[in-house]
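Read off the chains here:
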Amino acid sequence: MTVRLLNSNGIACQICGSLNEVCEALESGAGAALLAQEHVLAGGGDRLRAVLRQQPQWSDIAVILLTPPGPDTATTIDRLGQIGHMTLIKRPVQLANFITTIRSALRDRERQYGIRDYLAERNRQAETLNDALQRANAANTAKSEFLANVSHEIRTPMNAIIGLSHILARSSPLTANQRKYIDTLQTSGESLLMLINDLLDVAKIEAGGIEIETIPFQLDRMISEVASMLSVKASEKALFLTVDTADVAGRWFAGDPTRLHQIVTNLTSNAVKFTREGGVRISARRDGPGVSIAVADTGVGIDAEKVGRIFEKFTQADSTVTRQYGGTGLGLAISKGLAELMGGTITVDSRVDKGSTFAIIVPLVEVPGPESRAPSGPEAVEQGNGGHLLLAEDHQPNVLVAKTFAEMFGYTVDVADNGRQAVLMWRTGRYDLILMDVQMPEMDGLQATRAIREFERTHGRAPIPIIGMTAHALDSARERCLDAGMNDYISKPFSPGDLQARITRLLKAPAGSTVKA
Ligand code: ADP
């Protein structure tokens, strides 16, 4: 009779002989269950409870319970409540109420299926997005690796170009024109190298490949180094370049002086570059839990509309101005990336034709300074005193550069063109120091170094100083060299002064010491 009634109201239904059958019907997709209370309480309540509990989040199966006439006892309500959520209809049922309750339960069920489909679609989209993100990340990593490899390939010949131009510049006699050509060769080589280094920094920042150091350093000293480096350019343009570091004078801070130096150099060199009259002032003071460093200029300034974009890579505020001043638009992107890696920020305040102030705020902690400080100023380059060096290098242009440099410093040099030969030659015991290229055929520089260190250990021989040389500019290259047992590392292209300082330092240092960068 109920079946006929429901069918005649357009509601399809199926009769079940037991509560178990009801549960099976619900599990296979029935929209609602219509049950008599006595069937539910007589037994099988557990199974129904399990079906109701196991529903996914979007689902709320309608269970309509026909309750006996008369008041419901608290125990009954409690027992029913423990099974799950149900809609109660008291018998004898009122037809209209009965039909509308079932209809609304079915409509509600349809809405739930809508939500299920929506959630499934959203999950599918999230998966697609996730896939795309992973592909993009993989592409980004590939790009960074590509940049690192290309830069290695470029830095190797650059070493020869810059190195040979240094050697040529020291040869005589040179005509005025020849000297001019060599100067141009040198400055072009160096600006190309700067560009490659900038590209590499961008790639490393993006790929998370930069590790920020925390070592004690003197902020005022670092800033005066930047100022003295850029004072020549400033005075060429008749600009003042002043420094105000009274607030941090003589104080030591824990941080990454190399990277901070790089940021302040970028900002100051921009300030000098974009200023025609007046000058630049670098100041530093303690600021809350850190320090703030400001570089203020009286230059061309930046349009308010463009100021928000100058920290993006390859972005320049004004292409006409930039054509006049040169640059790639990478400096600020790198500075911002580095400042953020240090937990700091960079801000800019600028007015067209009045000037700009770039401020870096970094959380540098003040630390007690060491008792005796290292001597200040750039290290004096000393003349070599006749040591005998072994140069292990397979790339002929670089052999020419490194050998000529070393001979200029007063050393004699023998060349091995792979790691195996270097080990054999070292065994003769005729050498005071090895310059070891890392990438060589047959046996690379790392393997050769390990072999030498192993032989020294087993034969009780004094360790020979080894300086690794590679065009790989990644931080890990240095670590790999030191891990293999080298004492120091120099990245190609190197300047004659840098190479000489490292050789002299090691030849003077006690055996087995490692030189800090
Ligand atoms: P680059 O200097 O190589 O162009 P940067 O990333 O260092 O690249 O700077 C991006 C742009 O921001 C510059 O091209 C210039 O338009 C603007 N800019 C940066 N510093 C200054 C400054 N001190 N004064 C005026 N404009 C500046």
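Just above, that's the structure.
Residues numbered from 1 in each chain as written. Predicted model: local features only at pLDDT ≥ 70, side-chain atom pairs only at ≥ 80, totals over all residues. Heavy atoms only, no water.

**Re the overall build of the chain**
The number of helices and strands found in the chain is 16 helices and 16 strands. Radius of gyration (C-alpha) of the chain: 38 Å, far over the 24 Å computed for a compact globule of 517 residues. Its C-alpha atoms give the chain principal-axis dimensions of roughly 120 × 70 × 45 Å. Expressed as a percentage of its 517 residues, the buried residues of the chain come to 42%. In the chain, the share of contacts with a sequence separation of at least 24, taken over all contacts with a separation of at least 6, comes to 70%. (Helix = DSSP H or I, 4+ residues; strand = E, 2+ residues; numbered from the N terminus. Rg over C-alpha atoms; globule rule 2.2 N^0.38 Å. Buried < 20%, exposed > 50% of the residue type's maximum accessible area, 1.4 Å probe, protein only. Contact = heavy atoms within 4.5 Å.)

**Some details on the environment of Ser491**
With respect to the helices and strands, the residue Ser491 is situated in strand S16 (residues 488-491). Among the residues examined, Ser491 registers a relative accessible area of 24% and is labelled partly exposed. Considered as a pair, Ser491 and Gly255 are 236 residues apart in the sequence and their alpha carbons are 23 Å apart. Setting aside anything within four residues of it in sequence, one finds Ser491 in contact with Arg155 and Thr470. Reaching out from Ser491, the side chain makes a polar contact with the side chain of Arg155 at a distance of 2.7 Å. (Polar contact = N/O pair within 3.5 Å; in protein donor to acceptor, adjacent residues only side chain to side chain.)

**A few points about the sheet that holds strand S12 (residues 388-392)**
On the basis of which strands lie adjacent, the open sheet formed by 5 strands has the order S13-S12-S14-S15-S16 and parallel pairing. In this open sheet, the two strands that pair with only one neighbour each are strand S13 (412-416) and S16. Direction aside, the axes of adjacent strands within the sheet are offset by 20° on average. Sheet topology places S12 next to S13; 5 bridges connect them, and they run parallel. Paired with Leu391 across the two strands is Val415, which belongs to S13. Packing against the sheet, helix H13 (residues 419-427) makes contact with S12, S13 and strand S14 (433-437), and its axis sits at approximately 135° to S13. (Pairing = 2+ DSSP bridges. Axes fitted to C-alpha atoms, helices over the stretch in contact; angles between N-to-C directions.)

**As for the nonpolar core**
Counting residues in hydrophobic clusters, the biggest one holds 39 residues, and the most contacted among them are Leu219, Leu260, Ile263, Ile293, Phe358 and Ile360. Looking at this core element by element, the count peaks at 7 residues for helix H8 (residues 219-236). In this structure, Ala448, Cys481, Met486 and Tyr489 belong to the second largest nonpolar core, which totals 24 residues. (Core = buried A, V, L, I, M, F, W, Y, C linked by side-chain atoms within 4.5 Å.)

**Quick notes on the pairing of strand S6 (residues 252-255)**
Two faces belong to every sheet, and in a regular strand the side chains alternate between them. A two-sided burial pattern is seen for S6, the buried positions comprising Trp252 and Ala254 on one face and Phe253 and Gly255 on the other. As defined by bridge partners, S6 adjoins strand S11 (residues 365-367) across 3 bridges and the pair is classed as antiparallel. Bridging from a neighbouring strand, Ala254 pairs with Val365 of S11.

**Describing the layout of surface pockets**
One number sums up the size of the second largest pocket: a volume of about 880 Å³. If you trace the second largest pocket, you find 33 residues lining it, with Gln14, Ile15, Ala33, Leu34 and Leu35 closest to the centre. Elements supplying a minimum of two residues to the lining of the second largest pocket: helix H1 (2-8), helix H2 (19-27), strand S1 (32-36), strand S2 (62-67) and helix H6 (95-170). Broken down by element, the lining of the second largest pocket gets its largest block of residues, 5 residues, from S1. In the lining of the second largest pocket, the residues fall into 26 nonpolar, 6 polar and 1 charged. (1 Å grid on protein atoms, 1.4 Å probe; cavity = no way out; pocket = protein on both sides within 12 Å on 5 of 7 lines; lining within 4 Å. Points joined across faces, edges and corners; volume = space filled by probe spheres on them. Nonpolar A, V, L, I, M, F, W, Y, C, P; charged D, E, K, R; others polar.)

**Regarding H8**
Look at H8: 26 Å from first C-alpha to last across 18 residues, which is about the 26 Å you get at 1.5 Å a residue. By the largest-angle criterion, Leu230 marks the main kink of H8, which is about 45°. Taken as a whole, H8 has its buried residues at Leu219, Asp220, Met222, Ile223, Val226, Ala227, Leu230 and Ala234. Considering only its buried residues, H8 is in contact with strand S4 (215-218), strand S5 (240-244), S6, helix H9 (257-273), strand S7 (279-287) and strand S8 (290-297). Where H8 terminates, the next one or two residues include Ala238, which has phi positive at roughly 55°. (Expected span 1.5 Å × (residues − 1). Bend = angle between axes of the 7 residues up to and from the residue.)

**What about the environment of Ala105?**
For Ala105, the position within the fold is in helix H6. It is 8.6 Å that separates the C-alpha atoms of Ala105 and Ile64, two residues lying 41 residues apart in sequence. In this structure Ala105 touches Ala32, Ala62 and Ile64, once residues within four positions along its chain are discounted.

**Considering the packing of aromatic side chains**
All chains considered together, the criterion is met by 5 aromatic pairs. Taking the centre distance of 6.3 Å and the plane angle of 70° together, the rings of Phe311 and Phe358 count as edge-to-face. In this pair, Phe311 is assigned in the loop between S8 and helix H10 (319-325) and Phe358 in strand S10 (residues 355-362), connecting sequence segments 47 residues apart. In this structure, Phe311 and Phe358 share a single accessibility class: buried. (Phe/Tyr/Trp six-rings, centres within 6.5 Å; stacked < 30°, edge-to-face > 60°.)

**Section: the pattern of salt bridges**
Within this structure, the stated rule accounts for 22 salt bridges. Of the charged contacts in the structure, one is a salt bridge between Asp46 and Arg49, with a shortest N-O distance of 3.1 Å. Of this pair, Asp46 and Arg49 both sit in helix H4 (residues 45-53), separated by 3 residues, roughly a single helical turn. The exposed category is assigned to Asp46, whose relative accessible area is 57%. (Salt bridge = Lys/Arg side-chain N within 4 Å of Asp/Glu carboxyl O.)

Distances and angles like these do not, on their own, reveal function.
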